[in-house]
Amino acid sequence: MLSKLSKNLGLRIQLTLTLLVLLTAVPIGLLWYHSSEQVRLQTVEKLYRHSSETIYNQLDSFFSEAKIVYQHQQRIEKDLPDIVQDRDRLIAHLANVLNHHFNIDYFYFANTEGGLVSLGHDWDRHFIRLESDDGSAGMLTSYEAQYDGKGGNITAQAENFDARNRQWYQSALKSEQPVWSDIYSGAIDHNLLGITLSKALRDEKNQVIGVWGLDITLTSVAKELIKAKPSENSTVALVNEKGQILASSNPQHSPKQGMLVTVNSSQAHALGKLWKLIKPHANQSRNEQAHDVTQTFQFQGQSWLSYHTQYPLSKSRQMRIVIYSPVSDLTQDFLQAKHYAIIITVLMIVLAAYYGAIGTQYTLTPIRQLTKIAEEISQGKWNKKITVERDDEVGQLAKSFNKMTTHLESTIHQLDQQQQETKRLNALLEEQNSRLEERVKARTEELSQLNKRLRQLADIDPLTGIANRRLFWEQFENTIGDTHGWLLILDIDNFKQLNDSYGHITGDLALQHFAKLCQNCLSDNDYIGRIGGEEFAIWSESSSVKHVQQLTEHIFDTLKKSPLNIQGKPIFITTSIGGTNCFPGKLSCYAIADRMLYKAKQTGKNKAVIDTSLTRLT
């Protein structure tokens, strides 16, 4: 076995490195042993802090999501007065909010007559609808509802319910912004406690239409606290300034008959004693505290660890996040691991001291010899040979190194020859590349000119030199997306008669003449296109009906003053125009303008009919 080990340098190096690592771990192990108690408390504190941050973030999610609902409602603020007047639309709106905000337990609206329409869900995602029977104060009925809030069987009823008497309703009337209420019991299930973010709904005259309400129940908060428990026997609780337990992972802290349990109650268990230690910190805000507090205390002969921090409900209201656990839950495995670590550390010290010294010396000696010979060979002393006589990996390296020096000189000579040949080939390749680049450049310029010509043929009407049908409507679609303006459709009057009387050549000249005169009448941002035989279209950014009428009068006046001269004979061209205003979102602009053109044709031609029924401009 020793003979095999002597030929395996890799195994020896691996063994040596392992021993060195263990030797390095000895002082760390000793330091850990002396500071284990501090490390134990820091570990527990980090665990508690992580649980606290998880709860803090979840509470932020609960309360911020309620505010987000009202922010989203601002987008439909103008529609809300109509929605709350229609029961079906109101229920659909409540259901839509609940299906998109799962941290909200109930969403409802109360009118000025004390009536309520409420939609909520329990933790099994079963929907519940509460609704005043007559739409006003009086009987309130609970229904099992579908996901959209409709249908359902009656589950419970409450008599003489009047939303106007509720604290959340009255608080909302005193503020323009959403307001958090105090914790209160449910309208039907008095054991269901919650907190409401309410907001008054007002009309355009600032008269109250009713009050919106968003409920977060303490039951849902308690579910999240259970998930954040650092151990099986840990308790996570939320306690207000009055010492009332708002929510807890411990079922003994659950509200009884609609009343919160206090820390002084027998149900509070260890929390009652812990609260006496927490109370001196109760008047400090989260910003004033240098750090959150970790404490130990004794209860029923057992050691407990606790952690508490503050959470702000508002600028003036705070509550405490309290986490406490039996010490045995968190440190038993830690202490057992500590004892094992001490034993293992002692054994490693003995092994590291023995193998470290021998293994390091045996490994480094041949490596130093190889380094010295390699340095001399790098200086051109080709006759140097390595004399390490070993059968392991270092011996094989020495033999291979000696063979390498024998062939190195001849190899360098061959490389010099190949380098000269490479230079010659590179020069030739550079010359060929230069010629190729010139040809590619010439071809690229030729293709660019050809593409430019093809683009012109694709976009320009070859007869009149203005935009063709495809380009005009492309420009129109790009313009109408964010600009107000006018679409005019122009049709040359009696063009077929002109063609029959003077021939198609004269007809083509008439089209060219007409397009040129119209184009001269346009402003810088206006454009014209030929969209049919004798049919043209104009886009104008005129700001009013008056301006676009002035444009059409200018076209008529120009056509009247500038007849087409054929062999000294003037030919007067007239046109009929139909137009409509266009703005983002308006549909069927062309159909409306074409219908106006038809009216112009039917009522005598040589005139403009402009649609102004839907104009937004003055």
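Higher on the page you've got the structure.
Residues numbered from 1 in each chain as written. Predicted model: local features only at pLDDT ≥ 70, side-chain atom pairs only at ≥ 80, totals over all residues. Heavy atoms only, no water.

**Notes on the sheet that holds strand β20 (residues 575-582)**
Alright, step 1. Strand order across the open sheet formed by 5 strands is β16-β17-β15-β20-β21, with mixed pairing between neighbours. Lying at the two open borders of the sheet, with one neighbouring strand each, are β16 (527-530) and β21 (608-611). Taken pair by pair, the neighbouring strands of this sheet meet at an average axis angle of 15°, ignoring direction.
Alright, step 2. Where helix α13 (residues 504-520) meets the sheet, it contacts β15 (485-492), β16, β17 (535-540) and β20, and its direction lies at approximately 155° from that of β15. (Pairing = 2+ DSSP bridges. Helix = DSSP H or I, 4+ residues; strand = E, 2+ residues; numbered from the N terminus. Axes fitted to C-alpha atoms, helices over the stretch in contact; angles between N-to-C directions. Contact = heavy atoms within 4.5 Å.)

**A look at the sheet that holds strand β14 (residues 318-326)**
Alright, step 1. Reading across the sheet, the 5 strands line up as β11-β10-β14-β13-β12 and stay open at both edges, with antiparallel pairing between neighbours. Pairing within the sheet leaves two strands with one partner each, and these edge strands are β11 (245-248) and β12 (293-299). Adjacent strand axes in the sheet meet at a mean angle of 25° when their direction is disregarded.
Alright, step 2. For strand β13 (residues 302-312) and β14, the ladder comprises 9 bridges, and the chain directions are antiparallel. Among the inter-strand pairings, T309 is bridged to a residue of β14, identified as I321.
Alright, step 3. Running at roughly 135° to β12, helix α8 (residues 270-278) makes contact with β10 (235-240), β11, β12, β13 and β14 of the sheet.

**Structural notes on the side chain of T196**
Alright, step 1. Turning to its location among the elements, T196 is positioned in strand β8 (residues 193-202).
Alright, step 2. The buried category is assigned to T196, whose relative accessible area is 0%.
Alright, step 3. A polar contact of 3.0 Å, which involves the side chain of T196, links it to the side chain of Y108.
Alright, step 4. A polar atom in the side chain of T196 sits 2.3 Å from the side chain of D215. (Buried < 20%, exposed > 50% of the residue type's maximum accessible area, 1.4 Å probe, protein only. Polar contact = N/O pair within 3.5 Å; in protein donor to acceptor, adjacent residues only side chain to side chain.)

**A word on the pattern of salt bridges**
Alright, step 1. A full pass over the atoms with the stated rule returns 14 salt bridges.
Alright, step 2. Here K601 and D493 are joined by a salt bridge, their closest N and O atoms 2.8 Å apart. One end of the pair, K601, is in helix α15 (residues 589-602); the other, D493, is in the loop between β15 and α12 (495-502), with 108 residues separating them in the sequence.
Alright, step 3. For D493, a relative accessible area of 6% translates into the label buried.
Alright, step 4. Because the salt bridges share partners, they merge into one network encompassing R87, D88, R129 and E131. (Salt bridge = Lys/Arg side-chain N within 4 Å of Asp/Glu carboxyl O.)

**Some words on the packing of aromatic side chains**
Alright, step 1. In this structure the tally under the stated criterion is 11 aromatic pairs.
Alright, step 2. Centre to centre, the rings of F476 and W539 are 5.7 Å apart; their planes meet at 75°, and the pair counts as edge-to-face. Highlighted residues: F476 in helix α11 (residues 469-480) and W539 in strand β17, separated in sequence by 63 residues.
Alright, step 3. Take W539: its relative accessible area is 0%, and that puts it in the buried class.
Alright, step 4. A connected cluster of aromatic rings, assembled from ring pairs, spans F472, W473, F476, Y527, W539 and Y590.
Alright, step 5. When the ring centre of Y143 is taken as origin, the NZ or CZ atom of R129, which lies over that ring, is 4.5 Å away. (Phe/Tyr/Trp six-rings, centres within 6.5 Å; stacked < 30°, edge-to-face > 60°. Lys NZ or Arg CZ within 6 Å of the ring centre and 35° of its normal.)

**Description of the side chain of T479**
Alright, step 1. Inspection of the secondary structure assignment puts T479 in helix α11.
Alright, step 2. Assessed through its relative accessible area of 15%, T479 is described here as buried.
Alright, step 3. With residues near it in sequence (within four places) discarded, T479 still touches Y527, W539 and E541.

**Here we look at α12**
Since there are 3.6 residues in each turn of an α-helix, residues three or four apart along the chain are aligned in direction.
Alright, step 1. Residues of α12 that are buried: F495, L498 and N499. End-on, the buried residues of α12 take up no more than an arc of 100°, which puts them together on one face. Exposed residues lying more than 90 degrees from the buried face of α12 are K496, Q497, D500 and S501.
Alright, step 2. Close packing links the buried residues of α12 with β15, α13 and β19 (569-571).
Alright, step 3. Downstream of α12 by a residue or two, G503 has a phi angle that is positive, lying close to 100°. (Arc of directions from axis to C-beta.)

**Structural notes on unusual backbone geometry**
Alright, step 1. With a phi close to 55°, N494 is a non-glycine residue in the positive phi region.
Alright, step 2. You can see N494 is positioned in the loop between β15 and α12.
Alright, step 3. Phi at N606 takes a positive value of approximately 50°, unusual for a residue other than glycine.
Alright, step 4. Tracing the sequence through the fold places N606 in the loop between α15 and β21.
Alright, step 5. Taking relative accessible area as the criterion, N606 reaches 41% and is therefore assigned partly exposed.

**Looking at the nonpolar core**
Alright, step 1. Judged by nonpolar contacts, the single largest core of 41 residues is most densely connected at F107, W212, L214 and L238.
Alright, step 2. Ranked by residues supplied to this core, first place goes to helix α5 (residues 87-100) with 6 residues.
Alright, step 3. Counting residues in each nonpolar core, the second largest holds 30 residues, with A515, V545, L559 and L564 among its members. (Core = buried A, V, L, I, M, F, W, Y, C linked by side-chain atoms within 4.5 Å.)

Any functional reading would require information that these geometric values do not contain.
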